[in-house]
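Residue strings, one per chain:
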Amino acid sequence: MLDLKTDSRKVKPGDTFIAIRNVVRDGHDYIEQAIENGATKIICEEGLFPVETEIVEDTRKYLDEYLYTNYYPKIKDMKLIGVTGTNGKTTICFLVYQMLKKLGRTPAYIGTIGFYYQDIKKELNNTTPDTDLLYEMLLEAKEAGCDVVVMEVSSHSLDKNRIYGLEFDEVAFTNLTQDHLDYHKTMENYCNAKKRLFTLTRNEKIAVINGDTEYAKEFINPKNNNIIISTTNGDCIIKEMVFSHMDTKIKFSYEGQKYETSIKMVGRYNVYNFLTATMLVQKLGFSIEEILNLTSELSAPNGRMEKIDYKTNSIFIDYAHTPDAVINVLKSAEEYKKGRVITIIGCGGDRDRTKRPIMGRAAEEHSDYVIFTNDNPRTEDEHQIMQDILDGLNKENHEVIYSREEAIKKGIELLNENDLLMILGKGHEDYQIIGTEKHHFSDKEVVLENIK
């Protein structure tokens, strides 16, 4: 464990507390609490306290350099894989994690759905945790015997340098579509933040890139060993994709060899996710054949096109919360539907407003019927969020039900023979943020309760 604490609540007798300033809170406001909890040393930018105190110019910079100097040498021999992009990070990382476990390695996973290693599963607040928490997890994984860590690397973490000092043996790019513009302001800024990961490579410098996405060329760094996945020009060529609501059949070629397999995941985008994971694992010393032998044992993470059967219908729960993700998920549903596609969707509050009308329009264009509802409204007025969504609509194939639970009930009631119900936006989340409070809420639990 780290001997510096940035959270006063976690301070134990004898610890050192370092006061970090950020846009949310100022650690200097919690110094007294840290001392009450037993801190015997304070590192801060100003003040005088009744314990040993070290004044530094920039506590954030001090912490980063301290972690790199004292802890990076202890973890640097682990293989480190970083995956970035708007959509697909969680699925790719979770597939890599599963593959490596089944192939005899001892991996850890860090990302949206938590921190996993061996039989341990812990929840996280951020896709990529802050620097001190990230180093602490890497140390924990190392001490548990892990030899590979695969992690999702968000644009926020790259822009805020939360991965300070880390270098990656392998990196991957999924896609870049509109998201987080409330923070980055422009797509150029968003892209530049993501690109930084591809300058932080080491050793063999493996970089796997989805070549069939708009910004692919931006991520091809000549200093890396690039592997391009594409249906046309690339290193891993997708020859054929056959979709159903049960699985996806794939034919592809790589290094002069032809391969075919079937994965228990649906959708065109999951072909790219699976092949990206396959390339990353293959470059760690495994054959394509070894990896393809595992496909029947692999599954998508919870809340990623998670399927629940109901009579002749299929209900899918998915985390899609960006315009591109919504389009991809619903296009996949259109490709194998036998009846109608009914969609339940909303948009989060206190987040990028510009994507709301785009998501609303995508839902109505690729669904037979849509129920618009709340996602995580947070502190924003639910009626304003809904108006932003409705501003993008051209059709009348929708209704508004603010209660997400009632919306899901109504969606199930509307199902006829062979229909698909798509419940989008929250996926694995088991909470809903209303105001500043988290309330327990699970799309999956509501579905199962209503189809009993």
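Everything below is about the structure shown above.
Residues numbered from 1 in each chain as written. Predicted model: local features only at pLDDT ≥ 70, side-chain atom pairs only at ≥ 80, totals over all residues. Heavy atoms only, no water.

*Asks:* What should I look at first to understand the overall build of the protein chain in this one?
*Replies:* Helix and strand counts for the protein chain stand at 14 helices and 23 strands. Taken against the 2.2 N^0.38 rule, which gives 22 Å for 452 residues, the C-alpha radius of gyration of the protein chain at 23 Å falls within 12% of a compact globule. Referenced to the eigenvectors of the C-alpha coordinate spread, the extents of the protein chain come out at roughly 70 × 55 × 40 Å. Looking at the protein chain as a whole, 56% of its 452 residues qualify as buried. Long-range contacts, defined as pairs at least 24 residues apart, comprise 66% of the intrachain contacts of the protein chain with a sequence gap of at least 6. When the accessible area of the protein chain is evaluated, it comes to approximately 19,800 Å², of which 45% is carbon and sulfur surface. Treating the 57 positive side-chain charges of the protein chain as one cloud and the 74 negative ones as another, the clouds have centres 4 Å apart. (Helix = DSSP H or I, 4+ residues; strand = E, 2+ residues; numbered from the N terminus. Rg over C-alpha atoms; globule rule 2.2 N^0.38 Å. Buried < 20%, exposed > 50% of the residue type's maximum accessible area, 1.4 Å probe, protein only. Contact = heavy atoms within 4.5 Å. Areas by Shrake-Rupley, 256 points an atom, 1.4 Å probe, with all protein chains shown as cover. Lys, Arg positive; Asp, Glu negative; His and termini not counted. Charge placed at Lys NZ, Arg CZ, Asp CG, Glu CD.)

*Asks:* Looking at this structure, I do not really get the sheet that holds strand β1 (residues 4-5). What am I missing?
*Replies:* Adjacent strands of a sheet pair through backbone hydrogen bonds, lying either parallel or antiparallel. Spatially, four strands are ordered β1-β2-β3-β4 in an open sheet, and the strand pairing comes out parallel. In this open sheet, the two strands that pair with only one neighbour each are β1 and β4 (52-55). Of the strand pairs in this sheet, strand β2 (residues 16-18) and strand β3 (residues 41-44) are connected by three bridges, and their pairing is parallel. Note on β3: the bridge partner recorded for Phe-17 is Ile-42. (Pairing = 2+ DSSP bridges.)

*Asks:* What is the right way to read the pairing of strand β7 (residues 114-117) from this model?
*Replies:* Moving residue by residue along a regular strand, the side chains alternate between the two faces of the sheet. Burial along β7 is two-sided: the residues Gly-114 and Tyr-116 and Phe-115 and Tyr-117 are all buried. In this antiparallel pair of consecutive strands, strand β6 (residues 107-111) and β7, the connection spans two residues. With three bridges connecting them, β7 and strand β8 (residues 120-122) associate as antiparallel partners. Residue pairing for β8: Phe-115 is matched across the bridge by Lys-122.

*Asks:* Looking at this structure, I do not really get the nonpolar core. What am I missing?
*Replies:* Inside soluble globular proteins, nonpolar side chains tend to come together where they are buried. One finds Val-96, Phe-274 and Met-422 to be the most contacted residues of the largest nonpolar core, which totals 72 residues. Per-element tally for this core: the top contributor is helix α8 (residues 268-282), with nine residues. For Phe-274, the residues in contact, after removing those within four places along its chain, are Leu-95, Met-99, Ile-250, Thr-261, Ile-263, Met-265, Leu-292, Thr-295 and Leu-298. Listed in part, the 45 residues of the second largest apolar core include Tyr-72, Met-151, Phe-198 and Phe-219. (Core = buried A, V, L, I, M, F, W, Y, C linked by side-chain atoms within 4.5 Å.)

*Asks:* Whenever I open this one, the pattern of salt bridges confuses me. Can you help?
*Replies:* Note that side chains of opposite charge can pair when their charged atoms are close. If you walk through the whole model with that rule in mind, you get 32 salt bridges. Across the pair Asp-15 and Lys-5 runs a salt bridge whose closest N-O atoms are separated by 3.6 Å. Taken together, the residues Asp-15 in the loop between β1 and β2 and Lys-5 in strand β1 connect sequence positions ten residues apart. Here the two residues Asp-15 and Lys-5 agree in accessibility, since each one is buried. Residues Asp-26 and Arg-21 are paired through a salt bridge, measuring 2.8 Å at the closest nitrogen-oxygen approach. According to the relative accessible area criterion, Arg-21 is partly exposed, its value standing at 34%. Overlapping salt bridges, with partners in common, bring together Arg-21, Asp-26, Glu-45 and Glu-46 in one network. (Salt bridge = Lys/Arg side-chain N within 4 Å of Asp/Glu carboxyl O.)

*Asks:* What is the right way to look at empty space enclosed by the protein in this model?
*Replies:* In this approach, a probe sized like a water molecule rolls over the atoms, and the result shows the empty space that is left. Using the criterion set out here, one finds two cavities of 30 Å³ or more in the structure. Here the largest cavity is characterised by a volume of approximately 60 Å³. Looking at the largest cavity, the residues that line it are Tyr-72, Ile-75, Lys-76, Met-78, Leu-80, Leu-138, Leu-166, Glu-167 and Arg-202. Here the lining of the largest cavity is composed, by residue class, of six nonpolar, no polar and three charged. Approximately 40 Å³ is the volume attributed to the second largest cavity. Along its surface, the second largest cavity is lined by Leu-95, Ile-263, Lys-264, Met-265, Phe-274, Thr-295, Leu-298 and Ser-299. (1 Å grid on protein atoms, 1.4 Å probe; cavity = no way out; pocket = protein on both sides within 12 Å on 5 of 7 lines; lining within 4 Å. Points joined across faces, edges and corners; volume = space filled by probe spheres on them. Nonpolar A, V, L, I, M, F, W, Y, C, P; charged D, E, K, R; others polar.)

*Asks:* Quick question: what am I supposed to make of the packing of aromatic side chains here?
*Replies:* The geometry of an aromatic ring pair is captured by two quantities: the separation of the ring centres and the angle between the planes. Scanning all chains against the criterion turns up 13 aromatic pairs. Relative to Tyr-66, the ring of Tyr-62 lies with its centre 6.2 Å away and its plane at 10°, an arrangement referred to as stacked. Residue Tyr-62 and its partner Tyr-66 are both found in helix α2 (residues 59-75); the two are separated by four residues, about one turn of the helix. Its relative accessible area of 22% is what places Tyr-66 among the partly exposed residues. (Phe/Tyr/Trp six-rings, centres within 6.5 Å; stacked < 30°, edge-to-face > 60°.)

These figures come from the coordinates and say nothing about function on their own.
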